[in-house]
Amino acid sequence: ANALSDVYAMGANPLMALNIVCFPRDELPLTVLDEILMGGHTKAQEAGIPILGGHTIDDPEPKYGLVVTGEVHESELIRNSTAQPKDVLVLSKPLGTGIIATAIKKGIASDEVVALAGETMATLNKAAAEAARAHPAWPPAPGSAGGGSPCGSCSWAPAALRDRTRRPGCDRRGCRWRRWRGG
């Protein structure tokens, strides 16, 4: 659901997808691969798009994802860099699934947390995208960073928030805005 949700987050409608699979063919039964592919197929059906093919490689660690192509008119594009100071941030899902994924790999996540994280990660952002299109929070002005505020990459923030608040001209090594302002 991750790649589909990325397309929805930009205000786009997904059109089609490709499977990207890494699978240890000599270590796990192919029935496991069948289940993985069926999960992707189910999400694609939920989004109303076809999976038109993909690529599979033999790899010791199983990995799966979709490459999704979507379409949106430029005037309706939701950018992750147009937030303004004092904007209200609406989260369509809880933050922290990346941390939980690490806890799962280390075997320290509870069954309840694993189930909740799995449910969250498998949920498409389709409804949130429809709501965002119906009630835009700010005009998606192309190239507009607005404000004279430092970007979110200047301080610790989860990546999802940092990307929303980053200003053009800033990078993770430091804020050029602050240097320009003498900060």
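As the structure is a prediction and not an experimental result, all values here were calculated from the model.

(A) The arrangement of the overall build of the protein in detail. Each helix and strand counted, the protein has seven helices and three strands in total. Taken from N to C terminus, the helices and strands of the protein fall in the order α-β-α-β-β-α-α-α-α-α. Buried positions account for 26% of the 183 residues belonging to the protein. Sequence separation of at least 24 residues holds for 79% of the intrachain contacts in the protein that already meet a minimum separation of 6.

(B) Quick peek at helix α1 (residues 2-9). Inspection of α1 places Ala3, Leu4, Ser5, Val7 and Tyr8 among the buried residues, and these make up the whole buried set. Elements in contact with the buried residues of α1: β1 (13-23), α2 (30-47), β3 (63-71) and α5 (126-134). Looking one or two places after α1, you find Gly11, whose phi comes out positive at around 80°.

(C) Highlighting the confidence of the model for the protein. In the predicted model, the protein carries a mean pLDDT of 77, and 74% of its residues have values of at least 70. For the protein, per-element mean pLDDT is lowest for helix α7 (residues 176-181), which scores 37, and highest for β1, which scores 97. Between residues 139-162, whose pLDDT stays under 50, and residues either more than four places distant or in other chains, the model counts 47 contacts. Scored below 50 in pLDDT, residues 171-183 makes 20 contacts in the model with residues more than four places away or belonging to other chains.

(D) Just the nonpolar core, in detail. Counting 13 residues, the largest nonpolar core has Leu4, Tyr8, Ala47, Ile49, Leu66 and Val68 as the members making the most contacts within it. At the level of secondary structure, the elements contributing two or more residues to this core comprise α1, α2 and β3. Looking at which element gives the most residues to this core, the answer is α1, with four residues. Apart from residues no more than four positions distant in its own chain, Leu66 is found in contact with Ala3, Leu4, Ala17, Leu18, Asn19 and Ile51.

(E) Representation of a nonpolar patch on the surface in the model. The grouping of Leu18, Ile20, Leu52 and Val67 at the surface amounts to a nonpolar patch, some 320 Å² of accessible area in total. For Val67, the location among the structural elements is in strand β3.

(F) Region of interest: the pattern of salt bridges. The full count for this structure, using the stated rule, is three salt bridges. A salt bridge links Asp58 to Arg25; its shortest N-O distance comes to 3.5 Å. Note that Asp58 is positioned in strand β2 (residues 51-58) and Arg25 in the loop between β1 and α2, a separation of 33 residues in sequence. According to the relative accessible area criterion, Arg25 is exposed, its value standing at 56%. Close ionic contact of Asp59 with Lys63 constitutes a salt bridge, the shortest N to O distance being 2.3 Å.

About the cut-offs
Residues numbered from 1 in each chain as written. Predicted model: local features only at pLDDT ≥ 70, side-chain atom pairs only at ≥ 80, totals over all residues. Heavy atoms only, no water. Helix = DSSP H or I, 4+ residues; strand = E, 2+ residues; numbered from the N terminus. Buried < 20%, exposed > 50% of the residue type's maximum accessible area, 1.4 Å probe, protein only. Contact = heavy atoms within 4.5 Å. pLDDT = per-residue confidence, 0-100. Core = buried A, V, L, I, M, F, W, Y, C linked by side-chain atoms within 4.5 Å. Patch = residues over 30% accessible without salt bridge, like charges linked within 9 Å, V, L, I, M, F, W, Y side chains within 5 Å. Areas by Shrake-Rupley, 256 points an atom, 1.4 Å probe, with all protein chains shown as cover. Salt bridge = Lys/Arg side-chain N within 4 Å of Asp/Glu carboxyl O.

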